[in-house]
Amino acid sequence: MADIIIRISGRAGRITLNRPDTLNALTYDMVLKIETALRDWAHDPAVDLVIIDAAGARAFCAGGDIQHMYDTARAGDFAYGRKFWADEYRLNAFLFNFPKPYVAFMQGFTMGGGVGVSCHGSHRILCETSQIAMPECGIGLIPDVGGSLLLARAPGRLGEYLGCTGTRMDAGNAIYAGFADYFIPQAQWNTLMQGLESTGNVALIDQAAQPAPPASLAQHQAWVDTIFTASSIRDVLNGLDDTDFAQKTEAALRRNSPISVAATLDIVRRVRGMDSIAFALQTEYRFTYRAASEGDFIEGIRAAVIDKDRNPKWQHARLEDVSGMDVSKMLMPLPKDALNLGETS
């Protein structure tokens, strides 16, 4: 069975992720095949729009397939992971600038790499089961695949909160945060896809859309804006109070890799100042390039995916132990190995 099904149907280029048993985790080969298809379709007059969807009910795509990345990094070979990220980020940049409507149908979990092949599209559709998140800090990474730009553009300081905690968003919250555009019950998806294929007319999406569910995060917006304006993660922690939401926020922060959380706070702010997908990806790559060799990535994957003991031994015992210099070292320029996005539009 093919991991990914790529074809032209009617007026639409169709991409279907087809690894439901692995929550449609993206392999390196899938990344390359998606990019090839998009480059072929970008200027193909037979293709009016692109539709990406996924097999199975549990997930659109729960992230990248990191087993081989872990195995090679643990053996001291960091080249594979760096190449995977560089090529994936090139796809993310190309998708962000794609010249035609790009319609993503995201059921169930959409996380990490799944966000990168969906949430940069022009028409992002959710349903009753959708759960969107950037949980990379929990495995010693940072929100990447251009996710830092999505976070930077979220209302107020919500991006810092979502990126540092890895909080999952249901459809209402994801639309509120700017990760998606439309709520359409999943029972209507097949009919809508057929209409898009036959007509190439994205106005059908607006006609099918229903009001977004309430966003529970909206009621916490003022609090988030106050707390996550702090200049460092230590100051964020110092600002937390005894409310239930604050205590849940602290628990989420402390579960994650301290260096990843501190760097995420910094990255989101850098990217907000530039508001550029290229800058976002290049900044993210500085961290991911070093994540296995100098950061917590290997230990994070061991604890979450390999041994599944959920008891990582991070390099820094506490968030308070991370210094500004520690963050700066992970985000220093890479003079010889800087990310080259090539032709992205």
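Rules behind the numbers
Residues numbered from 1 in each chain as written. Predicted model: local features only at pLDDT ≥ 70, side-chain atom pairs only at ≥ 80, totals over all residues. Heavy atoms only, no water. 1 Å grid on protein atoms, 1.4 Å probe; cavity = no way out; pocket = protein on both sides within 12 Å on 5 of 7 lines; lining within 4 Å. Points joined across faces, edges and corners; volume = space filled by probe spheres on them. Helix = DSSP H or I, 4+ residues; strand = E, 2+ residues; numbered from the N terminus. Polar contact = N/O pair within 3.5 Å; in protein donor to acceptor, adjacent residues only side chain to side chain. Contact = heavy atoms within 4.5 Å. Phe/Tyr/Trp six-rings, centres within 6.5 Å; stacked < 30°, edge-to-face > 60°. Buried < 20%, exposed > 50% of the residue type's maximum accessible area, 1.4 Å probe, protein only. Lys NZ or Arg CZ within 6 Å of the ring centre and 35° of its normal. Nonpolar A, V, L, I, M, F, W, Y, C, P; charged D, E, K, R; others polar. Pairing = 2+ DSSP bridges. Axes fitted to C-alpha atoms, helices over the stretch in contact; angles between N-to-C directions. Left-handed = near helix turned anticlockwise from the far one by under 90°. Salt bridge = Lys/Arg side-chain N within 4 Å of Asp/Glu carboxyl O.

(A) Region of the structure containing empty space enclosed by the protein. Under the counting rule described, the total for this entry stands at one cavity of 30 Å³ or more. Here the largest cavity defines a volume of roughly 60 Å³. Taken together, Met69, Thr72, Ala73, Asp77, Phe78, Gly81, Arg82, Trp85, Thr288, Tyr289 and Ala292 form the lining of the largest cavity. The set of elements that each furnish at least two residues to the lining of the largest cavity consists of helix 2 (67–74), helix 3 (79–96) and helix 14 (277–291).

(B) Structural view of the side chain of Lys100. Note that Lys100 resides in the loop between helix 3 and strand 5 (102–106). There is a polar contact of 2.8 Å between the side chain of Lys100 and the backbone oxygen of Trp41. A distance of 2.7 Å separates a polar atom in the side chain of Lys100 from the backbone oxygen of Val47. In this structure, Lys100 is in contact with Trp41, Ala42, His43, Asp44, Pro45, Val47, Asp48 and Ser122, ignoring residues within four places of it in sequence.

(C) Looking closely at the packing of aromatic side chains. If you walk through the whole model with that rule in mind, you get twelve aromatic pairs. Aromatic side chains Phe98 and Tyr102 sit 6.3 Å apart centroid to centroid with 75° between the ring planes, which places their arrangement in the edge-to-face category. Its relative accessible area of 10% is what places Phe98 among the buried residues. When the ring of Tyr285 is compared with that of Tyr289, the centres are 5.7 Å apart and the planes differ by 65°; the resulting orientation is edge-to-face. Pair noted here: Tyr285 and Tyr289 are both in helix 14, with a separation of four residues, about one helical turn. With respect to burial, Tyr285 and Tyr289 carry one shared label: buried. One aromatic cluster in this structure is built from Tyr161, Trp223, Phe228 and Phe245. Between the NZ or CZ atom of Arg39 and the centre of the ring of Phe94, over which it lies, the distance is 4.2 Å. In this structure, Arg82 packs its charged tip against the face of Tyr289, placed 3.7 Å from the ring centre.

(D) Highlighting the layout of surface pockets. The volume enclosed by the largest pocket comes to roughly 1,400 Å³. Taken together, 45 residues make up the lining of the largest pocket; nearest its centre are Pro135, Ile139, Ala304, Val305 and Arg310. Residue assignment for the lining of the largest pocket shows that the elements contributing at least two residues are helix 2, helix 3, strand 6 (109–111), helix 6 (158–165), helix 12 (244–255) and helix 15 (297–306). With five residues, the top contributor of residues to the lining of the largest pocket is helix 12. Looking at the lining of the largest pocket residue by residue, the classes come out as 22 nonpolar, twelve polar and eleven charged. Lining of the second largest pocket is provided by 15 residues; of these, Ser231, Ser232, Ile233, Gly324 and Val327 occupy positions nearest its centre. Within the residue set of the lining of the second largest pocket, elements represented by two or more residues are helix 11 (233–238), helix 13 (258–274) and helix 16 (324–330). When residues in the lining of the second largest pocket are grouped by element, the largest group, four residues, is from helix 13.

(E) Seen up close, the sheet that holds strand 8 (residues 131–133). Pairing is parallel in the open sheet, where three strands are placed in the order 4-6-8. The open sheet terminates on both sides in strands that have one partner only, identified here as strand 4 (59–61) and strand 8. On average, each strand axis in the sheet is tilted by 15° relative to the strand beside it, whichever way the strands run. Of the strand pairs in this sheet, strand 4 and strand 6 are connected by two bridges, and their pairing is parallel. Residue pairing in the sheet places Ala59 in a bridge with Phe109 of strand 6.

(F) Representation of the packing of helix 6 against helix 13 within the structure. Axis separation between helix 6 and helix 13 bottoms out at 9 Å; the angle between their running directions is 145°. In terms of crossing hand, the pair formed by helix 6 and helix 13 is right-handed. Across the interface between the two elements, Gly159, Glu160, Gly163 and Cys164 of helix 6 pack against Val261, Thr264, Leu265, Val268, Arg269 and Arg272 of helix 13. Residues belonging to the contact of helix 6 with helix 13 are distributed by class as follows: four nonpolar, three polar and three charged.

(G) Up close: the pattern of salt bridges. Considering all chains together, one arrives at 23 salt bridges under this definition. Lys248 is the partner of Asp244 in a salt bridge, and the nearest nitrogen-oxygen pair spans 3.2 Å. Taken together, the residues span about one helical turn, with Asp244 and Lys248 both in helix 12 at a distance of four residues. For Lys248, a relative accessible area of 54% gives the class exposed.

(H) Fine view of helix 8 (residues 189–199). Every buried residue of helix 8 is listed here: Trp189, Leu192, Met193, Gly195, Leu196 and Glu197. Immediately beyond the C-terminal end of helix 8, within one or two residues, lies Gly200, with a positive phi of roughly 70°.

(I) Quick look at the sheet that holds strand 2 (residues 12–17). Spatially, the six strands line up as an open sheet ordered 1-2-3-5-7-9, and their pairing is mixed. Across the chains shown, the open sheet's two edge strands, defined by having one partner strand only, are strand 1 (4–9) and strand 9 (182–183). Relative to strand 3 (residues 49–54), strand 2 runs parallel, the two being bridged by six bridges. Counted as the bridge partner of Thr16 is Asp53 from strand 3. The strands touched by helix 8 are strand 1, strand 2, strand 3, strand 5 and strand 7 (123–126); relative to strand 5, the strand with the most contacts, the crossing angle is about 165°.

So far we have only geometry, and geometry alone does not tell us how the molecule works.
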